[in-house]
Amino acid sequence: MSEIVVFAPITGQGVLPSTAEVVTAARDICGAGDRVIVVAADDDVARYRDALSFEGVDELVLIRTPDITGANTDALSHAIADALEDRDVSFVLAPASDAARSVMARVAVLMDAGMTAAVKTLEVAGDGDIAQLKTSFGDQAMVSCSLTTRPGIVTLLPGNYDAALLSASGAPSVTERVADGLVSAVEVLADDGGAGNSDDEVLPITAADYVVCVGRGAMTGDNFELAKKYAAKAGAALAGSRPMIDNGWLPFAAQVGESGTVIRPRVALILGVSGAIQFTEGIKGEPLTIAVNTDKDAGISHFAKYLAVADMGDVLKELLSDV
Amino acid sequence: MEIDDAKGAKPLRLAICVKHVPTCDDIEVDEATGRIRRADAECDINPCDLNAMEMANALKKSVADAGGATIMAFSMGPDGALASLKKCLALGADEAYLLSDRKFAGCDTLGTARVLAHFLKAKGPFDVIFMGEMASDGATGQVGPMTAALLGVPDVISVATISCGERAGQFIVEQHIAEGVRRLLVKSPMVVTVPFGVNQPKLPTLRMQMRANKIAIPVLTASELSADELARLAPKSIVTSTRAIGTHAQAELIEGDAKAIAAKIRELVEGGRQHV
Amino acid sequence: MKKKIGIIGGGISGTALGYNLSLYDDADVTIYEKDRIGCGTTSKSAGTVCLFDDSLNNRYWDVRLYGFETYMKMEREEKGSAGFDKTGTLVCALSEKDERRIKTGIALARAAGYTGEYITDKERIKAILPMLNTDAIIGAGYTKDDGYFDGTMISNNFAAKMTANGGKIITGVRVTAINAEGGTAKSVTTDAGDTEAYDVIVDCTGPWSRFTGAMLDLDVPIWHTKAEAFFLAPAENLDYIFPVLKFPAFYALRAGNNIFICKSHLSMDLDNPMHAGQWDPDKLPERGGTDDYFIEFLYEQMEKDVPGLVDAGLSSSWLSYRAETRDFLPIIGETPIKNYLLATGYGGNGVIEAPAVSRDLAKYIMRGESTLLIEEWAFSRLWKK
């Protein structure tokens, strides 16, 4: 009999939504007699009581941390570790999100606990151990991990568990704590959600999570204009292969390839690019690659993960039309 | 820590920790051991470590007329990691240290943080310790905050900029959060972790590369750790099995007319952009 | 009945030969490429086809001119299809011997209708390339008419023309055996498990040729010279056209706003282990892999001759293996194994030489008619030594 703790990070926008998925993961590995505990800490933690009352949770621990919020991970981690110290905790689960990353890593140090981060799913092994399944080497390998300590700390990627529902019958048993005397070396000066890039700034191709790459195929008809329009609409950076730059369609700063720039987006849409190695050398970091080309045997078919054999103009027109 | 009111009266001491990671598109798993064949893989400095190096250089430059700064680079790993340290030197680091020992080989993130913390303490104190946000091979982002906790200093992740505050020992740090940008005043020492793309790393020049080739990089080993410290390096998160996921030699075809293709692309793009 | 020809290797050598063979209506051509077209050593070629430089002896001027004009025709058919960047070329002379060779080249270029002049006025040389230090130079040849091409684009272009003529390309498949009976090559087996019979089999695998030849116990006398190349990013964008720059020890050209720089192939010593050896090209990393000594070499050269690049950023680098013979000329045509031919060992000159060689070799394969080139670059010249 032990406790499985779900750490619920509180952000400027309240309870992190993916916490509900972690609650489901905790329920999934819960053995007979085990209890699921949700723990949250904030300067104004009582406010989130209802939002944290998930179905299937045995206890909600609310830690009030005067003057300490999500930015003060140095102090917050002490409050969490102190609250867990006297309990029989087998696992601490948290969302694999920036909001929990620093706190959980610091709790691992404070409790001298093993930690496995960015896990996809948990599996109860034959011997009762809880295996953590995750990808490694940019999704090229699947690894199974085991933690040797109790508690063991695991952060879970979103999208692999259904979200637990909020309890219809209200809060489970609630334990309130106050963590006094916490000291942080971090002071929040401004929490400005509005700051950031203005819209008319050209997104540099190295910073974009989504890059639309055009090649020689874009020199036909209004394909280039369509690609430009689509990139703007999708919030993507527009890049090109060498012929597009040589022929003056795009500036050198937008040239992807070994004589230009190496990009590491999350997604690359590659339109009308033949896929010579000089170009593909410029896309790194294992992004999702989708190519549209009229030639199904083009070199790009050996590089991209997905290929649509089609006219890029037709596809762009469809992408630009609203669903 | 002695705090001097005159900004930058003392030179800043900056550290950067980098990781040498595989860059190749195809990895191989040794079927007998279930481990990645690292020796065969092409490796380079972890991409966002270059953004961290750029940020360290920018901070160094900002205090050039006010006491200046030195940058010390650290990397834990086998001899190959010398290449990544050399890159740091070519980009402007003043000294570099390789933390290398067979006894470090099995470290998990907590063990790695313990090794880094030990040598950062030994070579410190540092005002700011820079690290890349996460390694491209492990992608956990734990080592920075863990190292900070072990050193008993704050950490700030997802840092966009750092500059000197009004008083010595204080820094203004801008942090990317889901809602936008958060501005923090942080007392040093501290660890900051820097994501890919927040700045445009400069390239090493021919001249700086020549200089880097002439700087010796000392190797620091486990002999500098106490028996107690060594015992604590035992991994607590253990990989029990690894299998390669088949990579695509040929693209998967998206079938259908332009409308169907666009729909599939929309779906793929949406999913892919959310994937961390 | 058609003559069946199997070509191993889809770089500039294999695709140029495949295209030239496909022009004969009684040829049935298949190219085997283990990766992608033009992605091996061809992709690492700088693609310079200059009207007068020291890359190929003036004895073979017609080979150079034919290559240049082949690609210019490609560009006329479809702009950009050969990756031409018309930057002009500046060839620097450090000795009177260099000067004589450059002047000969200029005369030959002018005979073919191109411009070219030998300049001794250092101010004028600096006007063409302001970042140059002219102290060590006695003069320089200059033409506005040439520049560099792209070997990968050209290979893909040849491949497309060949398939339009009915030729076949099999990519992503590795040849695992070349089968011979009684001293005659008969068929090719791949790792896809297929065996296909051919009337003629041609090795176009360049740096891989020792391994390809070994499948028939044929010793192909190819050495690998290291071609270490860097892309440099100048501290400031250049407001002039950086020409192809040739020094005896290195050459440079622009790539967008960057400068590509590489050691020249004739400066390599096959007996110096830092320059040359025999390696397995499959073990070579696709990019990177350069040695520290090359940085030193480059730094010394730039400090002396092109100081404007000493503070340029090192953008990326690669190490390529050039396939060279002891006389730095290719091996073309017959081998001791009947129906097994070579078109390999182009070294640093594949893009220059492949069009003329392939034209002649295709005719030899289809009609048995030899040419001066086939005779001078025959395998047999290397046996005598």
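Residues numbered from 1 in each chain as written. Chains lettered and ligands numbered in written order. Predicted model: local features only at pLDDT ≥ 70, side-chain atom pairs only at ≥ 80, totals over all residues. Heavy atoms only, no water.

Enquirer: A description of the overall build of chain B should follow, citing residues and the corresponding values.
Expert: Of the regular secondary structure elements, chain B holds seven helices and 14 strands. Taken over 276 residues, chain B has a buried fraction of 53%. For chain B, restricting intrachain contacts to residue pairs at least 6 apart in sequence, the fraction spanning at least 24 positions comes to 70%. Accessible area for chain B stands at about 12,500 Å²; split by element, carbon and sulfur atoms hold 52% of it. (Helix = DSSP H or I, 4+ residues; strand = E, 2+ residues; numbered from the N terminus. Buried < 20%, exposed > 50% of the residue type's maximum accessible area, 1.4 Å probe, protein only. Contact = heavy atoms within 4.5 Å. Areas by Shrake-Rupley, 256 points an atom, 1.4 Å probe, with all protein chains shown as cover.)

Enquirer: So what's going on with the interface of chain B and chain A? Which residues, and what values?
Expert: Facing the 77 residues of chain B at the interface are 78 residues of chain A. Taking both sides of the interface into account, the surface hidden between chain B and chain A amounts to around 6,700 Å²; carbon and sulfur atoms contribute 57%. Considering only the surface of chain B that becomes buried against chain A, Glu179(B), Lys236(B) and Arg273(B) emerge as the three largest contributors, covering 11% of it. Counting across the chain B and chain A interface gives five salt bridges. When the shortest N-O distance is used, the salt bridge between Glu133(B) and Arg101(A) registers 2.4 Å. Connecting chain B to chain A are 30 residue pairs in polar contact (both at pLDDT 80 or more). For the side of chain B that touches chain A, the secondary structure elements donating two or more residues are helix H3 (109–123), helix H4 (143–151), strand S9 (170–177), strand S10 (180–187), strand S13 (237–244), strand S14 (252–254) and helix H7 (258–274) of chain B. (Buried area = accessible area lost by both parts, 1.4 Å probe. Salt bridge = Lys/Arg side-chain N within 4 Å of Asp/Glu carboxyl O. Polar contact = N/O pair within 3.5 Å; in protein donor to acceptor, adjacent residues only side chain to side chain.)

Enquirer: Please give an account of the interface of chain C and chain A that cites residues and values.
Expert: In this complex, chain C contributes 23 residues to the contact, which on the side of chain A involves 16 residues. Carbon and sulfur atoms supply 45% of the area buried between chain C and chain A, which totals about 1,600 Å² over both sides. For Arg242(A), the salt bridge goes to Asp150(C), with nearest N and O atoms at 3.4 Å. Inspection of the region where chain C meets chain A yields eight residue pairs in polar contact (both at pLDDT 80 or more). Those elements that provide at least two residues to the side of chain C that touches chain A are helix H5 (151–164) and strand S18 (313–324) of chain C. For the side of chain C that touches chain A, the per-class residue count stands at six nonpolar, ten polar and seven charged. (Nonpolar A, V, L, I, M, F, W, Y, C, P; charged D, E, K, R; others polar.)

Enquirer: Requested: an account of the domain arrangement of chain C, with residues and values cited.
Expert: Residues and elements named next belong to chain C. Domains assigned within chain C are domain 1 (3–43 + 151–222 + 327–383) and domain 2 (86–141 + 225–324). For domain 1 versus domain 2, the separation of C-alpha centres amounts to 30 Å. With 18 residues of domain 1 in contact, the opposing surface of domain 2 contributes 17 residues. Taken together, the two surfaces of domain 1 and domain 2 that pack against each other cover about 1,400 Å², and 54% of this comes from carbon and sulfur. Between domain 1 and domain 2 we count two salt bridges in total. Among the ionic pairs, Arg174 bridges to Asp282, the shortest N-O distance being 3.1 Å. Put simply, domain 1 and domain 2 have seven residue pairs in polar contact (both at pLDDT 80 or more) between them. A breakdown of the residues in the side of domain 1 that touches domain 2 according to their chemical character gives seven nonpolar, seven polar and four charged. (Domains from an automatic or database assignment.)

Enquirer: Kindly report on the confidence of the model for chain C, identifying the contributing residues and their values.
Expert: Averaged over every residue, the pLDDT of chain C is 93; the share at 70 or more is 98%. Here the prediction assigns the complex a pTM of 0.79, and the interface score ipTM is 0.86. (pLDDT = per-residue confidence, 0-100.)

Enquirer: Talk me through the packing of aromatic side chains; I want residue IDs and the actual numbers.
Expert: All names here are of chain C. Using the criterion set out here, one finds 22 aromatic pairs over all chains in the structure. Between Phe68 and Phe149, the aromatic rings sit 6.0 Å apart at their centres with planes inclined by 75°, giving edge-to-face as the arrangement. Of this pair, Phe68 sits in helix H2 (residues 61–77) while Phe149 sits in the loop between strand S7 (147–148) and H5, placing them 81 residues apart in sequence. In this pair, the class of Phe68 matches that of Phe149, namely buried. These aromatic residues form a ring-pair network of at least three members: Phe68, Tyr71, Phe84, Tyr114 and Phe149. Between the NZ or CZ atom of Lys263 and the centre of the ring of Phe297, over which it lies, the distance is 4.3 Å. (Phe/Tyr/Trp six-rings, centres within 6.5 Å; stacked < 30°, edge-to-face > 60°. Lys NZ or Arg CZ within 6 Å of the ring centre and 35° of its normal.)

Enquirer: Which residues make up the packing of H3(B) against H4(B), and what values do they have?
Expert: Residues and elements named next belong to chain B. Relative to each other, H3 and H4 sit at 50°, their axes nearing to 8 Å. With respect to each other, H3 and H4 are oriented oblique. The chirality of how H3 crosses H4 is right-handed. Seen from H3, the contacting residues are Thr109, Leu110, Thr112, Ala113, Arg114, Leu116, Ala117, Leu120 and Lys121; seen from H4, they are Val143, Met146, Thr147, Leu150 and Leu151. Residue classes in the contact of H3 with H4 are distributed as nine nonpolar, three polar and two charged. (Axes fitted to C-alpha atoms, helices over the stretch in contact; angles between N-to-C directions. Parallel < 35°, antiparallel > 145°, perpendicular 65-115°, else oblique. Left-handed = near helix turned anticlockwise from the far one by under 90°.)

Enquirer: Residues and numbers for the pattern of salt bridges, please.
Expert: Throughout the structure, instances matching the rule amount to 41 salt bridges over all chains. When the shortest N-O distance is used, the salt bridge between Arg49(A) and Glu176(A) registers 3.9 Å. Separated by 127 residues along the polypeptide, Arg49(A) in the loop between strand S4 (35–42) and strand S5 (59–64) and Glu176(A) in strand S12 (residues 173–178) bring together distant segments of the chain. Taking relative accessible area as the criterion, Arg49(A) reaches 34% and is therefore assigned partly exposed. Lys87(B) is paired through a salt bridge with Asp44(B); the nearest N and O atoms lie 3.2 Å apart. You can see Lys87(B) sitting in helix H2 (residues 82–90) and its partner Asp44(B) sitting in strand S3 (residues 43–45), a full 43 residues away along the chain. The class for Lys87(B) is partly exposed, based on a relative accessible area of 26%. A residue is classified by how much of its surface remains accessible, and Asp44(B), at 29% relative accessible area, is partly exposed. Each of Glu3(A), Arg35(A), Glu59(A) and Arg87(A) takes part in one network of salt bridges that share partners.

Enquirer: Explain the side chain of Ser90(A) to me, and be specific about the residues and the numbers.
Expert: Residue and element names in this part refer to chain A. When you line up the elements, Ser90 lands in strand S6 (residues 89–95). Only 3.3 Å separates the side chain of Ser90 from the side chain of Ser2, close enough to count as a polar contact. Ignoring sequence-local partners within four residues, the contact set of Ser90 consists of Ser2, Glu3, Ile4, Arg150, Pro151 and Gly152.

Enquirer: How would you summarise the sheet that holds strand S15 (residues 237–240) of chain A if you had to cite specific residues and measurements?
Expert: The six strands are arranged S15(A)-S14(A)-S16(A)-S17(A)-S18(A)-S14(B) in an open sheet whose pairing can be described as parallel. Two strands in the sheet have a free side with no partner beyond their single neighbour: S15 of chain A together with S14 of chain B. On average, each strand axis in the sheet is tilted by 25° relative to the strand beside it, whichever way the strands run. Bridge count between strand S18 (residues 306–309) of chain A and S14(B): three bridges; the pairing is parallel. From the neighbouring strand, Ala308(A) faces S14(B), where its bridge partner is Ile254(B). Running over the sheet, helix H4 (residues 223–234) of chain A touches strand S14 (210–214), S15 and strand S16 (267–271) of chain A and is turned about 180° from S14(A). Relative to the sheet, H7(B) contacts S14, S16, strand S17 (288–293) and S18 of chain A together with S14 of chain B, its axis offset from that of S17(A) by approximately 160°. (Pairing = 2+ DSSP bridges.)

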